[in-house]
Protein chains: 2
Amino acid sequence: MQRTSFGQMPCPVARSLEKVGEWWSILILRDAFYGLTRFDQFQSSLGIAPNMLTRRLKALVGAGLLERRLYQQRPPRYEYMLTAMGRDFRPVLWTLAAWGSKHLAPEGQSIILIDSSSGAAIEPIVVDARTGRPLSEGVRVVAGPAADDRMRDRFAPRVAIEP
Amino acid sequence: MQRTSFGQMPCPVARSLEKVGEWWSILILRDAFYGLTRFDQFQSSLGIAPNMLTRRLKALVGAGLLERRLYQQRPPRYEYMLTAMGRDFRPVLWTLAAWGSKHLAPEGQSIILIDSSSGAAIEPIVVDARTGRPLSEGVRVVAGPAADDRMRDRFAPRVAIEP
């Protein structure tokens, strides 16, 4: 599919979408977090066409989120493991799952996140690591050191920090 | 683009992607959080083709994340405002931006989230609302009340809760 390259944009959201901004990629990552590693496991879980799955796995390996590992010599068979960069993507899936559970599951939750030691249900929320305060309306975006002129223009007037 | 419907899957991640699983949609939401409301503002920010923008805005309105509001009678002009459901999507953007900033910005951060009252930089992390503990390796997924047989099969054996 022909599309604009988001990888050249300075915005970290756009760059992230360049790497994983495709439905299947995100569901493949989800399944990788569930412990799936093999081509046929992903295919059976997702009902995805093999050529599409091959492309998406290759893209995720190329983007550095998965690594391909030979697990059998004859015939050669590979499995796909999350890299550190891939594992760092989990918070996105947690927030996406929480949003979907809240707004798109009128019949009730189909999955529940639990703490594996206590068994208690977990409700994922985003907080500031430093203060522990939930992020809310009080969050603003300002241009960082690597912002380009366009981003500085955008964030300068719009996000005056209220005293 | 012809594709599988994820909306019929019980998984909340899949359903979320059905609603917003498209690069442009997520960047339109990002811009809406930055305060953009009008067609020409989105178009100029994103460099998106008008017909594509029309389609994506319509889809976001249809999905319940944006609402269209008449702000001028003659000629009729509309603006697009985030709904409560749309505002709830912010945690996904925060985690996506944090991941992109960490892994895809070798030249430094282009945007920084700040607390608008203190001006201090914010580092978004996901925690359990109940305990305040950061979500990490100890998170497991179990089938919820609305899981289908397939999801029960998947989560039953795989996610035995360790004592």
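Remember, predicted model here, so these are calculated numbers, not experimental data.

Colleague: Explain the environment of Trp23 of chain B here, please?
Modeller: Looking at where Trp23 of chain B falls in the secondary structure, it is placed in helix α2 (residues 23-33). Residues Trp23 of chain B and Val126 of chain B, spaced 103 residues apart in sequence, show a C-alpha to C-alpha distance of 23 Å.

Colleague: Any chance you could explain empty space enclosed by the protein here in plain terms?
Modeller: Empty pockets left among the atoms are what a rolling probe the size of a water molecule brings to light. Per the stated rule, a full pass over the model turns up three cavities of 30 Å³ or more. Considering only enclosed or pocket space, the largest cavity measures out at about 60 Å³ in volume. Considering the residues around the largest cavity, the lining is formed by Leu17, Val20, Ile26, Phe89, Val92 and Leu96 of chain A together with Leu17, Val20, Ile26, Val92 and Leu96 of chain B. If you list the elements that add at least two residues to the lining of the largest cavity, you get α1 (12-20) and α6 (90-103) of chain A together with α1 (12-20) and α6 (90-103) of chain B. Residues belonging to the lining of the largest cavity are distributed by class as follows: eleven nonpolar, no polar and no charged. Approximately 50 Å³ is the volume attributed to the second largest cavity. Elements that contribute at least two residues to the lining of the second largest cavity include exactly α2 (23-33) of chain A together with α1 and α2 of chain B. Classifying every residue of the lining of the second largest cavity by side-chain character gives seven nonpolar, two polar and two charged.

Colleague: What is the right way to read the relation of the copies chain A and chain B from this model?
Modeller: Note: a rotation about an axis with an accompanying shift along it relates these two copies of the chain. Expressed as a screw transformation, the operator carrying chain A onto chain B has a rotation angle of 180° and an axial translation of 0.0 Å, and the superposed copies differ by an RMSD of 0.0 Å. Taken together, the rotation and translation describe the operation of a two-fold axis. For chain A, the smallest separation between a C-alpha atom and the rotation axis is recorded for Val126 of chain A, amounting to 2.2 Å. Same-surface contact between copies: 100% of interface residues of chain A are shared with the interface of chain B.

Colleague: Is there a simple way to think about the interface of chain A and chain B in this case?
Modeller: Many structure descriptions define interface size as the accessible area lost when the parts assemble. Listed by partner, the interface residues are 94 residues for chain A and 94 residues for chain B. Counting the surface lost from both chain A and chain B, the interface buries some 8,700 Å², and carbon and sulfur atoms represent 64% of this. Seen at the junction of chain A and chain B, the total is eight salt bridges. Where chain A touches chain B, the interface holds 42 residue pairs in polar contact (both at pLDDT 80 or more). The element contributing the most residues to the side of chain A that touches chain B is α6 of chain A, with 13 residues. Taken together, the residues of the side of chain A that touches chain B sort by class into 53 nonpolar, 19 polar and 22 charged. Sheet topology places strand β5 (residues 139-143) of chain A next to strand β3 (residues 111-115) of chain B; five bridges connect them, and they run antiparallel. Within β3 of chain B, the position partnered with Arg140 of chain A by the bridge is Ile114 of chain B.

Reading the values: rules and limits
- Residues numbered from 1 in each chain as written.
- Chains lettered and ligands numbered in written order.
- Predicted model: local features only at pLDDT ≥ 70, side-chain atom pairs only at ≥ 80, totals over all residues.
- Heavy atoms only, no water.
- Helix = DSSP H or I, 4+ residues; strand = E, 2+ residues; numbered from the N terminus.
- 1 Å grid on protein atoms, 1.4 Å probe; cavity = no way out; pocket = protein on both sides within 12 Å on 5 of 7 lines; lining within 4 Å.
- Points joined across faces, edges and corners; volume = space filled by probe spheres on them.
- Nonpolar A, V, L, I, M, F, W, Y, C, P; charged D, E, K, R; others polar.
- Least-squares fit on C-alpha atoms with pLDDT ≥ 70 in both.
- Contact = heavy atoms within 4.5 Å.
- Buried area = accessible area lost by both parts, 1.4 Å probe.
- Salt bridge = Lys/Arg side-chain N within 4 Å of Asp/Glu carboxyl O.
- Polar contact = N/O pair within 3.5 Å; in protein donor to acceptor, adjacent residues only side chain to side chain.
- Pairing = 2+ DSSP bridges.

Everything listed here is a matter of geometry and, on its own, says nothing about what the molecule does.
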